[in-house]
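# Observations on the three-dimensional arrangement
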Amino acid sequence: MRTRAHAVIVIVGLLLLPLGPLGAAQAKSTVVDVWVENSLRTIYQASTLPQNAATEIGLVSGRNEYESAQIALRSTESLTINKVAFTDLVSSTGHRITAKNLRAHFEEYADSATVQPNGFFPDRVGMQLYPKSALPDPLSNDMAVRVAAGTTQPIFVTSYVPTSTPPGTYAGTVTVNTTGGTRTVPIRVAVANATIPPIDDANFVQYHWTMTNGFTWDGLQWKGEGSKAYDVGKYYYGVKTYSDEWFKLMDNFAKELADYRTNMVWIRTDLLLQAAGTQLSDFTTGIPDNIDWSLFDRYVETFRRHGITNFANQHLIHTLNKMPDDEKPNDSWNTALPDHLPVTDAYLTNYLTALNRHLKKKGWTEQKGVRWYQHILDEPISNDQRNWWTYVARKIKQIDADTGAEFRTMDADPNGILLGDQTRPYVDTWVPMTPAFQANKAAYKAQQATGQDLWAYTCEVNTPPWLNRFWSQPTLTGRLLFWNLERQGIQGHLHWAWNAWYVGPWNGDSYIVYPDRAHLTVKSSLRYEALRDGLEDYELLHQVEQSNPDLAHKIADSAVSVQDPRKYTLDPSYIKTLHDYLVRAAAGENVGDVPESTSPYDGQDTPRTYLVDDTDTNITYTGDWFTRKRQYAYAGGVSMSTTANDAMTYRFQGSGIDVIVEKGNTSGKVAISVDGGPAQVVDLYEAPEYDYVTVYGARNLAPGVAHTIRVENLNGKELRFDGLRVHMHPGQRHYDASLASLDVTGAKDYLFDPRLTTYRLLIPEGTDTVSVTPTLTDSAGSLTINGTSMANGATATVHVPDGKSTLHLRTTASDGATSSLYTVELVKGALNTPDANVARSYSAITASATRSGDGGVTYGPQKMVDGDDGTMFAAQQGYTDTHPFPHEIALTWSEPQNLNTIVMQTPSGVLQGITDADVQTSPDGITWTTVARGVQFRWTRDKDDGVMESIAADLPNLSNVTHLRLHINDANYKTWSMYAVYELQFYNLTDHGEVAIG
């Protein structure tokens, strides 16, 4: 088992019918705003009526498709929404989508259900499943809701188009009945001649682990001994396990799963047989007589009734752990697997043979449209686990061959360990975690080409910006995941938990529905609705791909990068535009070109545009701006303001311009204007983080003249400015003074990026010279290094003395005017010895994120200054979730120190390195002065391979320092919920300035 967005489709101005029971005086003073938003846009309780709000719900839908929108209601006085009612939707030809196909759910900002008693996480019992949040997620099944004065209540409205519906436009109304009056919202659904297949004929397998009669391994009895089973029916709904009421609950679960296109579930066969009198340990000596399959059959039939045709048997590892010790993996298995394991083989043969016989008797076979998968060991990562998995999978394939069984081997593979030569022949269905798939794409696609199925796996390790379903990332990511999977040709998806409520809050990883005891069912969530939309989009893309693969690829690529699926559009309105286009394309309509993105992702092809980074020297900043290292910003950083009236301006020629920023929960409002015209106020607040999002666009600007854009911080909250996108007129040329490449021999941990213009490179001891080879993007341009002219692509030899040496590379494009300046600092002599590394002579060191107990000893802050890069300071896991940045690392010296350079070491820096810090000094440890702001550390290694990375940063010349503090502004912590520093080093190095070029 195992954390980006902009735009709206809004609606306002609704029909006000006679007021309810409020008195006339109160009614006159009450203002009720009602508007409509895109289904993927977050509505906060503080959200207010937008400018130019839309006035009706407009949807485009295929048949057998669900499409949604949101109605937002805000009142100056408290009121109750008593009912949301729908009329039939009627076409011009008199055809109808009846009102029963329309639904409304009130969005909730908290859920009162809690973690119930369990044997897995007893410390989490009583934790709220969805604590009070700025973000809505649960969708209530209640018919009424109380709305507090001055707060906004969103209503999630969903339309379903039955398969038999003729194409056409269907219109009707949604009526919101409240104690403050009645509001009516028009709704229009354009139905295209395209049909989503039913889930038993789907082109994609959606698999959730469903916790029903047990969690994962609880309750297993082996020879009469075992643990307690934690049935969700008993603990969350108060119904007796396997009673008629319990099976009614299972039927409701099955209906919800099927309605949301989950067509595969797992089965705790052990518990179902056990309750009927057969333990799995009975199969070690033969096939028991008179096995009672009645509970098993009733359970399977419950899900089959709703069209679910794929079933996975519980992981065998929980019973394999009961095998004799001499039948478990040891080092000899790395050389060759055993030929035979008597007890293990007998157990597997007897158990799976009996199960296969019963499945054939019931007609639950692939020939009849039912598939059976067999889990072995979840997430194998060690050699022993791989070897055990391989031996058992080999045995299953032998049993299949001997008995005609159809058990398909599968398991989540987080790191690609099952791709090994010894294991590969026994895998039927590949289920790599999405990062593992990206890293080993060619190998997985080669296996798929042989006829094997290829799925993807998501869990808590696929942290943002990986496409996933966390409530800590934009809701749209859960939808776009399936756009990318279809584009990659992936045929299925596993997420480990549909309702693992025992785990408690985990940013939504452990459940996507909530228990609803009052209605003996579950509550959906905004994330679950997005998931279903994504699964439907997958089917539509698949249909288009069959007839026009190029168009299908263009549609998918317009939303998500196929090269790096961590990059995708963050505009909900653009996703709706693409969806509507996709539906019409699937219907065979003449749809024209794919709509242009309103918020392209980083690296997306946007013809006739060029990007201007926030560090561009032609941008003018006024006020107190500073830089921040940001992992997913355009060039790895943003310019930041936290002061009202701070502004940036930029002069350009072009037909249009876009503003690109980061949005977050500390962001405020900005005013954006072009050429001194009326300013547009844009609110940059979002509760989850949105990286690299376009928030403003101006078009149709006059040619041949310079224009000026201005962005102003209005209220003193954070403005994180990333860059600009300039749209060019026909015939306009953009001159580029960037370097296409910059090779530097002998430097450690160096990776060139044309967008980055400042580098500090560590030069190993004993290296006296380095070779520098710059190549211009504009081959007709010119360049100099420290004032010396260089031919494009020529190599310069640089003598490197101990200390810090600087190279200034000035580049000029072929227009003779456009220029750039690259700065390369060569750092030599940073030797981690007690004499050279000032940090080693500390008298005290502390860190705000220090672990407690033994963890504070093993991973304490002293470990980063001990001269041993085999030890580390590791922040407390989960600390950043409850203690947002800034964090602190503070050092004290008993004797004054001089320093001007900082070096950090850590492996896997992209996963766990500190990225941005202010450096502060103090004479007494009480009063602090910031001496360096926004010191940045650019890590390059994103593999968990133990390879050490060293990054240097420049500091001003600091003298007589006795107290120094790193004020940590940001770090790469999301993968492991922590950051780490293996060695922290400070040096006082001679600064030689510019050095001669040989």
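Worth saying up front: this structure is predicted, and the values here are computed from it rather than measured.

### Here we look at the overall build of the protein chain
Of the regular secondary structure elements, the protein chain holds 17 helices and 54 strands. Its C-alpha radius of gyration of 31 Å places the protein chain within 12% of the 30 Å reference for a compact globule of 998 residues. Seen through its principal axes, the protein chain has C-alpha atoms that stretch 90 × 80 × 55 Å. Taken over 998 residues, the protein chain has a buried fraction of 59%. Surface exposure of the protein chain reaches about 37300 Å², of which carbon and sulfur atoms provide 47%. In the protein chain, 82 side chains carry a positive charge and 112 a negative one; their mean positions are 6 Å apart.

### Topic: the UniProt feature "domain: F5/8 type C" (unreviewed entry) in the protein chain
Within this structure's numbering, the places UniProt gives as "domain: F5/8 type C" (unreviewed entry) are residues 826-989. Along residues 826-989, the helical share is 9% and the strand share 48%, with 11 Å between the first and last C-alpha atoms.

### Points about the pattern of salt bridges
Following the criterion strictly, the structure yields 52 salt bridges and no others. Two residues, glutamate 67 and arginine 479, come together in a salt bridge whose shortest N-O distance is 3.5 Å. Of this pair, glutamate 67 sits in strand 4 (residues 65-75) while arginine 479 sits in helix 11 (residues 476-487), placing them 412 residues apart in sequence. Judged by its relative accessible area of 6%, glutamate 67 falls in the buried class. According to the relative accessible area criterion, arginine 479 is buried, its value standing at 3%. Here aspartate 259 and lysine 255 are joined by a salt bridge, their closest N and O atoms 2.7 Å apart. With aspartate 259 and lysine 255 both in helix 3 (residues 244-259) and four residues apart, the pair spans about one turn of that helix. Residue classification places aspartate 259 among the buried residues on the basis of a relative accessible area of 18%.

### Re the nonpolar core
Nonpolar side chains tend to gather and get buried jointly when the protein is soluble and globular. In terms of nonpolar packing, the biggest core is built from 178 residues, with Phe296, Trp372, Trp496, Trp501, Tyr650, Val659 and Ile709 touching the most fellow members. When residues no more than four places from it in sequence are discounted, the contact partners of phenylalanine 296 are Ile267, Thr269, Leu272, Leu355, His358, Leu359, Trp364 and Trp372. Grouped together as the second largest cluster of nonpolar side chains are 38 residues, Ile951, Ala953, Leu964 and Phe986 included.

### Examining helix 5 (residues 294-304)
Residues of helix 5 that are buried include every one of Leu295, Phe296, Asp297, Tyr299, Val300, Thr302 and Phe303, and no others. Looking at the buried side of helix 5, the elements it contacts are helix 3, strand 18 (264-267), helix 4 (269-275), strand 19 (310-313), helix 7 (342-362) and strand 20 (371-375).

### Notes on the packing of aromatic side chains
In this description, an aromatic ring pair is defined by two values, namely the gap between the centres and the angle between the planes. Going through the model one piece at a time under the given rule, you end up with 47 aromatic pairs. Ring centres of tyrosine 260 and tyrosine 528 lie 4.1 Å apart, and the angle between their planes is 10 degrees; this geometry places the pair in the stacked category. Of this pair, tyrosine 260 sits in the loop between helix 3 and strand 18 while tyrosine 528 is found in helix 12 (residues 526-547), placing the two residues 268 residues apart along the sequence. Just as tyrosine 260 is buried, tyrosine 528 falls in that class too. Centre to centre, the rings of tyrosine 373 and tryptophan 455 are 5.3 Å apart; their planes meet at 55 degrees, and the pair counts as tilted. Placement of tyrosine 373 in strand 20 and of tryptophan 455 in strand 23 (residues 453-458) is noted, with a sequence separation of 82 residues between them. Residue tyrosine 373 shares its accessibility class with tryptophan 455, and that shared class is buried. Following the ring pairs from residue to residue traces out a cluster consisting of Phe120, Phe215, Trp217, Tyr230, Tyr235, Tyr236, Tyr237, Phe253, Trp498, Trp501 and Tyr502. Seen from the ring of phenylalanine 121, arginine 124 lies directly overhead, with NZ or CZ sitting 4.1 Å from the centre. One Lys or Arg, arginine 933, reaches over the ring of phenylalanine 626 and ends 3.6 Å from the middle of that ring.

### Some remarks on unusual backbone geometry
Residue proline 465 is bonded to the preceding proline 464 through a cis peptide linkage, with omega at 10 degrees. A cis geometry characterises the amide bond from phenylalanine 885 onward to proline 886, with omega recorded as 15 degrees. One non-glycine residue, tyrosine 242, lies in the positive phi region at around 70 degrees. Positionally, tyrosine 242 belongs in the loop between helix 2 (232-237) and helix 3.

### Quick look at the sheet that holds strand 38 (residues 739-744)
If you trace the three strands from one edge of the open sheet to the other, you get 38-40-43, paired in antiparallel fashion. Every other strand in the sheet has two partners, leaving strand 38 and strand 43 (796-799) as the edge strands with one partner each. Direction aside, the axes of adjacent strands within the sheet are offset by 25 degrees on average. In the sheet, strand 40 (residues 769-776) pairs with strand 43 via four bridges, with the strands oriented antiparallel. Residue valine 772 lies in a different strand from strand 43, and its bridge partner there is alanine 796.

### Regarding the pairing of strand 21 (residues 407-413)
Across the seven residues that make up strand 21, a large majority, seven, are buried. In this structure, strand 20 lies alongside strand 21, joined through four bridges in parallel fashion. Bridging from a neighbouring strand, glutamine 374 pairs with threonine 409 of strand 21. Since strand 20 and strand 21 lie parallel, the crossover through helix 8 (residues 383-403) that links them has a hand, and here it is right-handed. Pairing analysis gives four bridges linking strand 21 to strand 22 (residues 429-432), with the strands arranged parallel. Residue pairing for strand 22: methionine 410 is matched across the bridge by threonine 429.

So, how was this worked out
- Residues numbered from 1 in each chain as written.
- Predicted model: local features only at pLDDT ≥ 70, side-chain atom pairs only at ≥ 80, totals over all residues.
- Heavy atoms only, no water.
- Helix = DSSP H or I, 4+ residues; strand = E, 2+ residues; numbered from the N terminus.
- Rg over C-alpha atoms; globule rule 2.2 N^0.38 Å.
- Buried < 20%, exposed > 50% of the residue type's maximum accessible area, 1.4 Å probe, protein only.
- Areas by Shrake-Rupley, 256 points an atom, 1.4 Å probe, with all protein chains shown as cover.
- Lys, Arg positive; Asp, Glu negative; His and termini not counted.
- Charge placed at Lys NZ, Arg CZ, Asp CG, Glu CD.
- UniProt positions renumbered as here; feature names shortened; annotations may be inferred.
- Salt bridge = Lys/Arg side-chain N within 4 Å of Asp/Glu carboxyl O.
- Core = buried A, V, L, I, M, F, W, Y, C linked by side-chain atoms within 4.5 Å.
- Contact = heavy atoms within 4.5 Å.
- Phe/Tyr/Trp six-rings, centres within 6.5 Å; stacked < 30°, edge-to-face > 60°.
- Lys NZ or Arg CZ within 6 Å of the ring centre and 35° of its normal.
- Pairing = 2+ DSSP bridges.
- Axes fitted to C-alpha atoms, helices over the stretch in contact; angles between N-to-C directions.
- Right-handed = clockwise from strand over helix to strand, strands pointing away.

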